[in-house]
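# Remarks on the overall topology
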Number of protein chains: 2
Amino acid sequence: MIYVVGLGPGGAGEITPRALAALEKCDLIVGYKAYVELARPLFDKEKEFVVSAMKQERDRCEEALRLSLSGRTVGLISSGDPGIYGMAGIMLEVARGRTEVEIIPGITAASSSAAILGAPLGCDFAVISLSDLLTPWKVIEGRLRAAALADFVICIYNPASHGRPEHLSRAADILMEILPAERPAGWVRSAGRKGESCRVTTLGELKNQKIDMFCTVIIGSSATYVIDGRLVTPRGYRE
Amino acid sequence: MIYVVGLGPGGAGEITPRALAALEKCDLIVGYKAYVELARPLFDKEKEFVVSAMKQERDRCEEALRLSLSGRTVGLISSGDPGIYGMAGIMLEVARGRTEVEIIPGITAASSSAAILGAPLGCDFAVISLSDLLTPWKVIEGRLRAAALADFVICIYNPASHGRPEHLSRAADILMEILPAERPAGWVRSAGRKGESCRVTTLGELKNQKIDMFCTVIIGSSATYVIDGRLVTPRGYRE
């Protein structure tokens, strides 16, 4: 049995009782170092942890499968929701039905960041990752254009990475071919964790701000506006 | 002070400790009947609840504001995440800075439904509500087309309502102008609640299934496939 568990944004206050109960049942918990650091304080010293390196997602899932097939109950953890750019899909692909896999959702960065910025996701939105490790940049560009043309709110995951600090700037240029530079936007760094910061700004200003891999960025639709310093997208059109 | 609190899919196991702690601090909790029924068992009998009618969202927020300005700590509850088609935006609009409003996210239906179906939201996705109470149907159609053309996974909220049972069928027809009828899809009814049910199916079959206002529907991208009876969208393209 493998539980793929989302820890939410990071604080103990945002891990659901269901997620915690599943991890309690596990003989051991597998995860990338940063996630294990989040989870370790929640359990007594008896709990066994297997720490794995970043980017070794497939190896981590194969390790979880191997341990599960040896009869142990395994927890595979990540921050946010494992179903959204997370470990759920790859675990199902690696397991291919050979062991039971239960996915336990967590609060994803779109939700946690939106709550800090106000309510920018109050109407239809598109979620786009700027990581081109697995998706060609041309496809990402096409999705940015389509989302802007169809007047979606746009929520950007992985706006930058170690090797690619310029992705958000390129994305903003593409969006500004279609959207006005004054379009309300915002970003949150490390939502719910130590060092959390955020800013309500505009699409045009995003390029001048320090937005790194720990940030989530939200760009409003035509209906989004700023009220009392927070982003709000009313449901449907303004009454 | 007003806390706008998301209860998640419905079960007590998916309400975060942060949400619960905020509601503990509240003198009274305002919500639509069905949500109050979810929250009432979590508290002792001392807690005061104000039950309001469905669709009276603005009235509910005005009541919350009035109570808050009279010096009470108010919790405004809804299921899922209040930031996604929920009460967060309208509460900020009604409050206009006259009282402190804190948004506490919950697990939204996209996450809870995806976890039940497998991992269909593993790559870029668009979230679209089919409710045309506040958004013109033409705009909704445009967003469906744009999402299909840009190869997003599509997650549909409010696929039907009491007055509009045919919306999902119309949406499926629009999507099939662009996408193959065999495109993997799935739906979940009452995720995490009594009477939960789900099905992994295809876009073409959605029209023949009983999909009501309690369902969330997910239609895959070109990368989505079925593995061991579950939907998986690999991150990026298949290796």
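Residues numbered from 1 in each chain as written. Chains lettered and ligands numbered in written order. Predicted model: local features only at pLDDT ≥ 70, side-chain atom pairs only at ≥ 80, totals over all residues. Heavy atoms only, no water.

## Quick look at the overall build of chain A
Short version of the rule: Runs of E in the DSSP output that reach at least two residues are strands. Runs of H or I that reach at least four are helices, and both are numbered from the N terminus. Using C-alpha atoms as the atom set, the radius of gyration is obtained and then compared with a globule rule of 2.2 Å times the number of residues to the power 0.38. Remark: exposure states derive from per-residue accessible area (1.4 Å probe, protein chains only) relative to the maximum for the residue type, with buried under 20%, exposed over 50%, and partly exposed in between. By the convention used here, residues are in contact when the closest approach between their heavy atoms is within 4.5 Å. Note on areas: Shrake-Rupley with a 1.4 Å probe; residue coverage comes only from the protein chains shown.
Helix and strand counts for chain A come out as seven helices and 13 strands. Computed over its C-alpha atoms, the radius of gyration of chain A comes to 19 Å, within 12% of the 18 Å expected for a compact globule of 239 residues. Over its C-alpha atoms, taken along the principal directions, chain A stretches across nearly 55 × 35 × 30 Å. Counting the 239 residues in chain A, one finds 60% classified as buried. For chain A, the proportion of contacts with a sequence separation of at least 24, taken over those separated by at least 6, is 68%. For chain A, the accessible area works out to roughly 9,400 Å², and carbon and sulfur atoms hold 50% of it.

## Quick word on helix H5 (residues 109-117) of chain A
Residue and element names in this part refer to chain A. With respect to burial, H5 is a largely interior element, seven of its nine residues being buried. The set of residues buried in H5 consists of Ala 110, Ser 111, Ser 112, Ser 113, Ala 114, Ala 115 and Leu 117. Directly beyond the C-terminal end of H5, a positive phi value near 135 degrees is found at Gly 118.

## Section: the relation of the copies chain A and chain B
We count it as follows: Copies overlap after least-squares fitting; the atoms used are the C-alpha atoms of residues with pLDDT of at least 70 in both.
Between chain A and chain B, which share one sequence, the superposing operator has a rotation angle of 180 degrees and an axial displacement of 0.0 Å; the RMSD is 0.0 Å. Both copies of the chain, as the preceding transformation shows, are related through a two-fold rotation axis. Taken as a fraction of all interface residues of chain A, those also at the interface in chain B reach 100%, which identifies the copy contact as same-surface.

## Notes on the pattern of salt bridges
Heads up, the condition is: Any Lys or Arg side-chain nitrogen located within 4 Å of an Asp or Glu carboxyl oxygen qualifies as a salt bridge.
The full count for this structure, using the stated rule, is 24 salt bridges over all chains. Where salt bridges share partners, they join Lys138(A), Glu141(A), Arg145(A) and Glu177(A) into one cluster.

## Examining the side chain of Arg183(B)
All names here are of chain B. Under the convention used in this document: Pairs of N or O atoms are called polar contacts if they sit within 3.5 Å, as long as, within protein, a hydrogen donor faces a hydrogen acceptor (for residues adjacent in sequence, only side-chain-to-side-chain pairs).
Examined against the element boundaries, Arg 183 turns out to sit in the loop between helix H7 (167-176) and strand E9 (184-189). Among the polar contacts made by the side chain of Arg 183, one reaches the main-chain carbonyl oxygen of Gly 220 at a distance of 3.0 Å. Leaving out residues up to four positions away in the same chain, Arg 183 has contacts with Asp 151, Thr 201, Thr 202, Leu 203, Ile 219, Gly 220, Ser 221 and Ser 222.

## Things to note about the interface of chain A and chain B
What counts is decided by this rule: Note: buried area is the sum, over both parts, of the accessible area (probe 1.4 Å) each one loses when the two are combined. Following the grouping adopted for this structure description, the nonpolar residues are Ala, Val, Leu, Ile, Met, Phe, Trp, Tyr, Cys and Pro, the charged ones are Asp, Glu, Lys and Arg, and the polar ones are all others, Gly among them. Strands are labelled as partners when DSSP assigns at least two bridges between them.
Taken together, the contacts link 63 residues of chain A with 63 residues of chain B. For the pair chain A and chain B, the two sides together bury roughly 5,300 Å², of which 58% comes from carbon and sulfur. Taken as a group, Asp124(A), Arg143(A) and Arg235(A) account for 13% of the area that chain A buries against chain B, more than any other trio of residues on that side. Between Arg143(B) and Asp151(A) there is a salt bridge, with the nearest N and O atoms lying 3.8 Å from each other. Taken together, the links from chain A to chain B amount to 26 residue pairs in polar contact (both at pLDDT 80 or more). Class assignment of the residues belonging to the side of chain A that touches chain B gives a composition of 31 nonpolar, 17 polar and 15 charged. Note: strand E7 (residues 125-129) of chain A against strand E7 (residues 125-129) of chain B, three bridges, orientation antiparallel. The partner of Ala126(A) across the bridge, within E7(B), is Ala126(B).

## Quick look at the sheet that holds strand E4 (residues 74-78) of chain B
Residue and element names in this part refer to chain B. Here is the rule: Geometry is summarised by axes, namely lines fitted to C-alpha atoms with helices restricted to the contacting stretch, and by angles between N-to-C directions that run from 0 to 180 degrees.
Pairing is parallel in the open sheet, where five strands are placed in the order E3-E2-E4-E1-E5. Among the strands making up the open sheet, the edge pair consists of strand E3 (48-52) and strand E5 (101-104). Sheet twist, expressed as the average angle between the axes of neighbouring strands with direction ignored, equals 20 degrees. Along the sheet, helix H4 (residues 88-95) contacts strand E1 (2-6), E4 and E5; its crossing angle with E5, the most-contacted strand, is approximately 175 degrees.

## Considering empty space enclosed by the protein
Spelled out, the test is: Detection works on a 1 Å grid of protein atoms alone, calling trapped sets that fit a 1.4 Å probe cavities and calling open sets with protein on both sides within 12 Å along at least five of seven lines pockets, with lining residues defined by an atom within 4 Å of a point. Grid points are joined across faces, edges and corners, and a volume is the space filled by probe spheres set on the points.
Tallied over the full model, the rule gives five cavities of 30 Å³ or more. Considered as a void within the structure, the largest cavity measures approximately 80 Å³ in volume. Around the largest cavity, the lining comprises 13 residues; the ones closest to its centre are Cys123(A), Ser221(A), Ala223(A), Gly236(A) and Arg143(B). A class-by-class count of the residues in the lining of the largest cavity yields five nonpolar, five polar and three charged.

## Observations concerning the pairing of E9(B)
All names here are of chain B. Taking burial as the measure, the six residues of E9 include six buried ones, the bulk of the element. Taking every second residue as pointing to the same face, both faces of E9 are buried, with Pro 184, Gly 186 and Val 188 on one and Ala 185, Trp 187 and Arg 189 on the other. Judged from the five bridges that link them, E9 and strand E11 (residues 215-219) form a sheet pairing that is antiparallel. Looking at the pairing, Trp 187 lines up with Val 217 of E11.

## Things to note about the side chain of Ser190(A)
Tracing the sequence through the fold places Ser190(A) in the loop between strand E9 (184-189) and strand E10 (197-202). In this structure, Ser190(A) is in contact with Gly195(A), Glu196(A) and Phe214(A), ignoring residues within four places of it in sequence.

## Focus on unusual backbone geometry
Phi at Asp151(A) takes a positive value of approximately 60 degrees, unusual for a residue other than glycine. Its identity as a non-glycine residue notwithstanding, Ser190(B) has a phi of 50 degrees, on the positive side.

## A word on the domain arrangement of chain A
All names here are of chain A. Under the convention used in this document: Domain ranges listed in this record stem from an automatic or a database domain assignment.
For chain A, the assigned domains are domain 1 (2-107) and domain 2 (110-232). Look at where the C-alpha atoms of domain 1 and domain 2 centre, and you get two points 28 Å apart. Contact residues are listed per partner, giving ten residues for domain 1 and eleven residues for domain 2. Around 730 Å² of area is buried between domain 1 and domain 2 when both sides are counted, 63% of it from carbon and sulfur atoms. A per-residue breakdown of the area domain 1 buries against domain 2 is headed by Pro 9, Tyr 85 and Ile 107, which together make up 58% of the total. If you look at where domain 1 meets domain 2, you find zero salt bridges. In this structure, the connection of domain 1 to domain 2 is made through four residue pairs in polar contact (both at pLDDT 80 or more). For the side of domain 1 that touches domain 2, a count of residues per class yields six nonpolar, three polar and one charged.

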